[in-house]
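Architecture and fold: a report
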Amino acid sequence: MTGRQAEVLGDRAGGTVRLERDGGVAVIVIDNPPVNAGSAAVRRGLLDAVATVAADPDLEAAVLIGAGRTFIAGSDLREFGQPLEEPQLPAVIAAIEACAKPVVAALHGAALGGGFELALGCDARVAAPGTRVGLPEVTLGMIPGAGGTQRLPRLVGVSTAIGLICEGRRVSAADALALGLVDAVAEGDGAQSLRASAVAHARGLAGAKNRVANRAVPTEPAERIEAAASAALRAGRGRPPVVEAIRAVRAAAGRPLDEALADERAVFQRLRLETEAFARRHLFFAERDSARLPGLDGVAARRLERIGVIGAGTMGTGIVIDALDAGLPVTLLERDAQALESGMARLRDHYARRVDGGKMSAGEAGKRLAALDPTTDMVALATADLVIEAVFEDLPVKQDLFRRLDAVLAPGTVLASNTSYLDLDAIAAATGRPQDVVGLHFFSPANVMRLLEVVRGAKTAPDALATGLALAKRLGKLPVVAGNAFGFIGNRIYAAYRRQCEFLIEEGALPADVDAALERFGFAMGPFAVADLSGLDIAWRMRRQQAATRDPAARYVEIPDRLCEVGRFGRKTGAGYYRYPSGAKRGEPDPEVTALIEAASAAKGIARAAVSDEEIVTRVLLTMVNEAACLLSEGVAARASDIDLVLVNGYGFPAWEGGPLFWAGRQDPAWLEAGLARLRELSGPGFRLCDPGVLRAALGPSNLAV
C-alpha cells in the first residue's frame with residue numbers, strides 16, 4: 001500500500017507480528033489466527049515492535065491492531081498450566097508505557113483478558129462498533145495478572161471495577177465509551193475505517209503520552225465500594241478468585257502502583273496453577289469443542305429464517321423469548337384461544353418487566369413482540385423453517401402432534417422435539433420424514449439457561465443436526481450433542497444421582513442431610529430441594545409409566561411415591577420433602593416426612609444409621625461418574641468433556657470442580673475402582689457398573705492436568 005512498508009517481527013517464520021509504516025505512525029499488526037491469542041511469539045513480536053518505534057526518529061506514534069476478525073481475544077490459555085515463557089505480558093505493557101511515543105490500541109471483535117490489559121497499557125483506545133472488551137479471568141479461576149486490577153479502577157472507579165472484573169463482564173463498544181474504557185468508537189465497521197480512525201487519533205496526541213497508570217483512582221463513597229464487594233462475593237459464592245480480585249482492586253486506591261502490580265502478579269501466578277483454574281480452563285476448552293463433531297465438517301445448515309413453537313406454556317414462551325431476542329420471527333401455536341392468550345400475557349409481562357427495569361426500550365420491546373405471530377391454526381406453521389414442540393411430556397401426545405405436522409409442513413422443514421426423557425426415534429417414526437427430526441432439549445427457564453442438548457436420532461440427517469446447532473448458535477446457547485437414549489445425557493445422569501440419594505435416605509440420612517452435604521460440596525441446590533421446586537408429581541408420573549418394564553429385582557425406593565400419594569408434590573402444594581410455610585424462602589424439615597421415611601425403612605427391615613457428609617458426597621459423585629462412563633460406552637455422549645459441560649451448566653455441579661469426570665480424573669485410580677465396586681454392592685440389584693476400560697480412557701491425560 002502506498003506510503004506503507006512492512007517488516008515482520010517476533011515469530012519470523014509465521015509472521016505473528018508485523019510493523020507497517022503509515023507516514024510517521026507505526027501500525028503494529030498482530031496476526032496470529034484464529035483469534036490472535038497473546039502467545040509467547042506475539043509477546044516477543046510486540047516487544048520488538050515497540051523497541052523499533054522507540055528507536056526510530058521518523059516515527060512519532062504507534063497503533064496496535066489485530067489482523068483478521070479480532071484484536072487479541074485473550075491470552076493463550078494453554079500456556080497457563082505450564083511455566084510461562086518470557087517475555088511475559090507485564091514486560092510488554094511496561095515497554096509500551098516506557099516508550100516516549102504514544103501508542104493507541106485499535107480494537108475490534110474481542111479484546112479480552114490479556115488483550116484488554118494490553119490495551120489498558122496503551123495511551124488511548126479506539127474501538128470498532130461491534131467490539132467487546134472485558135477481563136474474564138475470574139471466570140477462569142484466576143485474577144487479571146497484567147495490571148487489569150490496577151488500571152481499570154483508574155478509569156471507572158473501584159466499585160465499578162469490582163463488578164466488571166468479578167463478573168467477567170463483556171462490555172460493548174458503546175458501553176465501553178460511556179464508561180471511559182475506550183476513548184473513541186470508529187464510525188465504520190470495516191478494518192480500514194478502524195485503522196484510519198486509530199492512526200488519526202495517534203497523530204492527534206501530538207507525541208504526548210497519556211498513561212492510565214499515571215491517573216488517580218476516582219474517589220467514591222465507601223458504602224458504594226462495600227456494596228459492590230458484597231454483591232460480587234454473593235454472586236461468586238465467595239470463591240478464592242473473587243476474594244482475591246476484590247482485594248487487588250481495592251489496593252489500587254491505597255497502595256503504590258508498583259507494589260500493587262507485584263502483588264497482583266503473584267496472586268495470578270498462584271491461582272493459575274490451582275485446581276479451580278485447571279477445572280475452569282477444562283470447561284472453557286470443552287465449550288469450544290462442544291459443537292465440533294466428526295461427520296459434520298462442511299455440512300451446511302438448512303435455511304433458518306423463521307421458526308415455529310408449539311405450546312405457550314412456561315417452556316414454550318421461554319423458547320419464544322429466546323428466538324425473538326435473537327431477531328428470529330416466530331409463529332406460536334396453541335390448541336385454543338384461551339391457552340394462547342395466557343401465553344401471550346406471559347410474553348407481554350416479560351417484556352414489560354424488561355422495560356420497567358430499564359433493560360430495554362419500549363420501542364425495542366414492541367419490535368420484538370411484533371415479530372411474533374400467535375395462532376391456533378396449525379397451517380400457519382407452513383412458513384416456518386424449523387418447528388419446536390414444547391407440549392405435554394407424553395409419547396402418544398407428541399406422536400400424534402408430529403403425525404399432524406407431517407401433513408402441514410413444507411418438505412425439508414426441521415421438526416424438533418423439546419422432550420427431556422422420551423424416545424426421539426419413536427416420535428420421529430410417527431412422521432414420514434424421520435430424517436428431518438432432531439431433539440432440542442431446552443433447560444428451564446429456556447430464556448435464561450444456556451445449555452441446549454441437541455439430540456441426534458437414528459435417522460436424523462446431518463444437515464438437520466447442523467440446523468439444530470445453527471439455531472443454538474443463533475440463540476446464544478451452549479449446544480451439546482447427545483445420542484437418543486432415555487434422559488439423553490443430563491437427565492440420565494440426574495436420574496441415577498437422584499436414585500442414589502433416595503438410597504441414602506432409606507439407609508439413614510434425611511433429605512436435609514443430603515442437600516446440605518452436596519451444597520457444601522458446591523452444588524447450587526440439593527436434589528430434594530430441586531425435586532420440590534420442579535414438582536414431585538412429574539417424576540411420579542414417569543415412574544408409573546415405567547412400572548411395567550421395571551426390573552422387579554432392582555432396588556426401588558418407595559418414599560417419593562408415598563409423598564405423592566398424600567398430595568405432597570413440592571412447593572406448588574406447600575409440602576414435598578420439605579414444608580413451605582407462607583412467605584418462606586426455603587423449605588423447612590418436616591417431622592411428618594421424617595416419620596414417613598423411617599416407616600419406609602422399617603418396612604424393608606433396614607436398620608437406619610447416620611450417614612456422614614463424606615459418604616454422601618462420595619456416593620453421589622461416584623454414581624455420576626459411573627453413569628457418565630456408561631453413556632460414553634453406549635455412544636450417547638461423544639466426549640467426557642461434553643458430560644462435564646452438561647452437569648455444570650444444567651444441573652448445578654460446581655464449575656470449580658470441572659464436572660464429574662474432571663473430578664474423577666484427579667482421584668487415585670485404585671481408590672476410584674474400589675469405590676465403584678463398593679457402590680455396586682450398596683446399590684443392589686439393577687445397578688450396572690461401567691466398563692473400566694471406557695472410564696480409564698475418559699480420564700486420560702487431558703483430565704489429569706493437576
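Structural notes, computed from the coordinates. Worth saying up front: this structure is predicted, and the values here are computed from it rather than measured.

Now for helix 12 (residues 314-325). Along its 12 residues, helix 12 runs 16 Å from first to last C-alpha, staying within 8% of the 16 Å computed at 1.5 Å per residue. Of all 12 residues in helix 12, 10 are buried, a share of seventy percent or more. Where helix 12 ends, the next residue or the one after it, G327, has phi of about 85°, a positive value.

Applying the stated criterion across every chain yields a total of one cavity of 30 Å³ or more. Here the largest cavity defines a volume of roughly 60 Å³. Listed by contribution, the elements that provide at least two residues to the lining of the largest cavity are strand 8 (132-134) and helix 5 (158-167). Here the lining of the largest cavity is composed, by residue class, of eight nonpolar, one polar and one charged.

Here we take up the sheet that holds strand 16 (residues 437-442). Taken together, eight strands build an open sheet; the order of strands is 13-12-11-14-15-16-17-18 and the sheet is mixed. Since the sheet does not close on itself, it has two edges, and those belong to strand 13 (372-375) and strand 18 (478-483), each with one partner. Direction aside, the axes of adjacent strands within the sheet are offset by 25° on average. Summarising the sheet, strand 12 (residues 330-333) and strand 13 pair through four bridges and their orientation is parallel. Across the sheet, L332 pairs through a bridge with P374, a residue of strand 13.

The subject of this paragraph is the side chain of E615. Structurally, E615 can be placed in helix 24 (residues 613-634). Owing to a relative accessible area of 19%, E615 belongs among the buried residues under this scheme. Ignoring anything within four residues of it in the chain, the contact list for E615 reads R678 and L682.

A full pass over the atoms with the stated rule returns 59 salt bridges. The salt bridge partner of E20 is R18, with a shortest N-O separation of 3.0 Å. The exposure class assigned to E20 is buried, which follows from its relative accessible area of 13%. Classification of R18 as partly exposed rests on a relative accessible area of 23%. Among the ionic pairs, D56 bridges to R21, the shortest N-O distance being 2.6 Å. With D56 in the loop between helix 1 (40-55) and strand 4 (61-66) and R21 in strand 2 (residues 17-22), the pair connects residues that are 35 residues apart, well separated along the chain.

What counts and how
Residues numbered from 1 in each chain as written. Predicted model: local features only at pLDDT ≥ 70, side-chain atom pairs only at ≥ 80, totals over all residues. Heavy atoms only, no water. Helix = DSSP H or I, 4+ residues; strand = E, 2+ residues; numbered from the N terminus. Expected span 1.5 Å × (residues − 1). Buried < 20%, exposed > 50% of the residue type's maximum accessible area, 1.4 Å probe, protein only. 1 Å grid on protein atoms, 1.4 Å probe; cavity = no way out; pocket = protein on both sides within 12 Å on 5 of 7 lines; lining within 4 Å. Points joined across faces, edges and corners; volume = space filled by probe spheres on them. Nonpolar A, V, L, I, M, F, W, Y, C, P; charged D, E, K, R; others polar. Pairing = 2+ DSSP bridges. Axes fitted to C-alpha atoms, helices over the stretch in contact; angles between N-to-C directions. Contact = heavy atoms within 4.5 Å. Salt bridge = Lys/Arg side-chain N within 4 Å of Asp/Glu carboxyl O.

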